[in-house]
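# Fold and geometry: a report
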Amino acid sequence: MGMDNGRDPGEGAVEYTLEFFKGKGRAEIERLLAPFHNGELNDPNDKRVKRCDYCDYYFRDDSLRNNRRTCCADCKTSQKTLQTRIRRAEKAFLNPKPKKETKSDLYLWWLEYPCWANEQAMIEVGWRYERPMTLQKMDYIQAKESLYGKGNSKKKAEIIDYDGDKL
Ligand SMILES: [Zn+2]
C-alpha cells in the first residue's frame, strides 16, 4: 500500500487486514505483511477489494453497488475536506482575486503629464512620493536667495562703488 502519506489505515482497511490475517500465525503474518500491503495478495478477480482514496490501504467494499472509494466514513469525510482544500487552492491559483484598487492606483503615471485622478488621493498619498526637498538643498536655495534675491534668474550682484583706498 501507499503508506507514504503517513495516514493511519481507516476502519475499513483495518477490518480487511484483520480478516485477511485471521487464523494465521505470527511468523506467517510477518512474512506476508509487506506483499499484502503492496496489494500482491489481493485476488485480482475480486472487484470488491480496493484501495482507499484517503488512507491508501486496501479494504473490502461491502456496499450494495460496490461504488465506495474510501474504506470508512472517516476517510470519506477527510477525503472530501482534502478535495475541497485542493480545489480552493487551485481556484485561487488560477483566478487570483483582483487586487483591490488603492489610492496609489489613482495616479495616472502613464500619461505624458502624470496627474491624480482624484484630489483626495493626491492629498493622502501624493506627499509620500513628492517629497519635500532635503534640508541641505533648502539651505542652499536660501543662501542663494540672500545673495541674488528671489526668483529664478540670477540678478547681477550690486556693484559697490569702491576705490580701494577708502574704508
Ligand atoms: Zn481509508
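Read on for an overview of the structure. (Residues numbered from 1 in each chain as written. Predicted model: local features only at pLDDT ≥ 70, side-chain atom pairs only at ≥ 80, totals over all residues.)

## Some words on the overall build of the protein chain
Note the cut-off: Secondary structure elements follow DSSP: runs of H or I of four or more residues count as helices, runs of E of two or more count as strands, with numbering from the N terminus. Note on burial: count the other C-beta atoms lying within 10 Å of the residue's C-beta; 20 or more is buried, 12 or fewer is exposed, in between is partly exposed, and C-beta positions come from the backbone. By definition, residue pairs are in contact when their C-beta atoms, positioned from the backbone, come within 7 Å.
A count of helices and strands for the protein chain gives five helices and four strands. Walking the protein chain from its N terminus toward its C terminus, one meets helices and strands in the order α-α-β-β-α-β-β-α-α. Expressed as a percentage of its 167 residues, the buried residues of the protein chain come to 10%. Taking all contacts inside the protein chain whose residues are at least 6 apart in sequence as the whole, residues at least 24 apart take part in 46%.

## Some thoughts on the nonpolar core
To be explicit about the condition: Here a nonpolar core is just a set of buried residues of the types Ala, Val, Leu, Ile, Met, Phe, Trp, Tyr and Cys, joined wherever their C-beta atoms sit within 7 Å.
If you look at the biggest cluster of nonpolar residues, it comprises eleven residues: Ala-13, Tyr-16, Cys-52, Tyr-54, Cys-55, Tyr-57, Tyr-58, Phe-59, Cys-71, Cys-72 and Cys-75. Among the secondary structure elements, those contributing two or more residues to this core are helix H1 (11-21) and strand E2 (58-60). Filtering out sequence-adjacent residues up to four positions away, Cys-75 remains in contact with Gly-10, Cys-52, Tyr-54, Cys-55 and Thr-70.

## As for unusual backbone geometry
Of note, Asp-56 is a non-glycine position whose phi angle comes to about 75°, a positive value. Within the secondary structure, Asp-56 is located in the loop between strand E1 (49-51) and E2. One non-glycine residue with positive phi stands out, namely Asn-66, at about 55°. Residue placement: Asn-66 occurs in the loop between E2 and helix H3 (73-94).

## Details of helix H5 (residues 135-148)
Under the convention used in this document: Expected span of a helix, by definition, is 1.5 Å for each gap between consecutive residues, and there is one gap fewer than residues.
Here H5 is 14 residues long and its end C-alpha atoms lie 20 Å apart, about the 20 Å a rise of 1.5 Å per residue gives. Taking burial as the measure, the 14 residues of H5 include zero buried ones, a minor fraction of the element. One or two residues past the end of H5 sits Gly-149, with phi positive at roughly 85°.

## With respect to H3
Compared with an ideal rise of 1.5 Å per residue, which puts 22 residues at 32 Å, H3 spans 31 Å between its outermost C-alpha atoms and is within 8% of the ideal. Taken across its 22 residues, H3 has one buried, putting it largely on the surface.

## Quick word on the environment of Asp-74
Structurally, the position occupied by Asp-74 is in helix H3. C-alpha of Asp-74 to C-alpha of Cys-55: the two residues are 19 residues apart in sequence and 9.8 Å apart in space.

Function cannot be inferred from these measures alone, as they are strictly geometric.
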